[in-house]
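# Coordinate analysis (summary)
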Amino acid sequence: MSDQGNIPVLTDLIEKGIEIKMSDLGLEDDLQIGVNDPADHIDIEITEPDPLAMDPFVRNPALEQVIRRILDEHTEFAYQEIKLAIQREFDRKT
């Protein structure tokens, strides 16, 4: 690999055009990247997700209470803002 201080930034590569060589990235041109064995023999098992593992509140009810309190406060604030906006609209029309 080339000297660390000689690695180009993205704008340098854009100015060079469409084709970018390995040496443009600060790497050796003869560097081989790849895998000798094809990945088509790998078996991946897909299972249904565990609903308990997905619910962060199952094992932490205190966290759920805090989040619900925060949401309640923000919902109340939003409701008050909506009421004020409606009232201003009615006041403007009268």
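Report follows, based on the coordinates. Within any chain, residue numbers begin from 1 and follow the written order of that chain's sequence. Totals for whole chains, interfaces and linings use all residues, but because this is a predicted model, local features are given only for residues with pLDDT of at least 70 and pairs of side-chain atoms are given and counted only at 80 or more. Only hydrogens and water are removed before side-chain values are computed, so all heavy atoms of the structure are retained for them.

## Section: the pattern of salt bridges
Spelled out, the test is: We count a salt bridge whenever a side-chain nitrogen from Lys or Arg sits within 4 Å of a carboxyl oxygen from Asp or Glu. Runs of E in the DSSP output that reach at least two residues are strands. Runs of H or I that reach at least four are helices, and both are numbered from the N terminus. Each residue gets one of three labels from its accessible area relative to the maximum for its type: buried under 20%, exposed over 50%, partly exposed in between, using a 1.4 Å probe on protein chains only.
Taken as a whole and assessed by the stated rule, the structure comprises 3 salt bridges. In this structure, Glu-64 engages Arg-68 in a salt bridge whose closest nitrogen and oxygen atoms are separated by 3.2 Å. Of this pair, Glu-64 and Arg-68 are both found in helix H3 (residues 61–93), 4 residues apart, which corresponds to roughly one turn of the helix. Take Glu-64: its relative accessible area is 25%, and that puts it in the partly exposed class. Classification of Arg-68 as exposed rests on a relative accessible area of 51%. Between Glu-73 and Arg-69 there is a salt bridge; the shortest N-O distance is 3.0 Å. Placement of the pair is Glu-73 and Arg-69 together in helix H3, with a separation of 4 residues, close to one helical turn. Residue classification places Arg-69 among the partly exposed positions, given a relative accessible area of 44%.

## Quick word on a nonpolar patch on the surface
Note the cut-off: Residues form patches when they are more than 30% accessible in relative terms and have no salt bridge. Like charges link within 9 Å. Nonpolar side chains (Val, Leu, Ile, Met, Phe, Trp, Tyr) link within 5 Å. Accessible surface is estimated by sampling points in the Shrake-Rupley manner with a 1.4 Å probe; for residues, cover comes only from the protein chains shown.
A contiguous nonpolar surface patch, about 390 Å² in accessible area, is contributed by Ile-42, Ile-44 and Ile-46. Inspection of the secondary structure puts Ile-42 in the loop between helix H1 (10–16) and helix H2 (51–54). Given the relative accessible area of 51%, Ile-42 is considered exposed.

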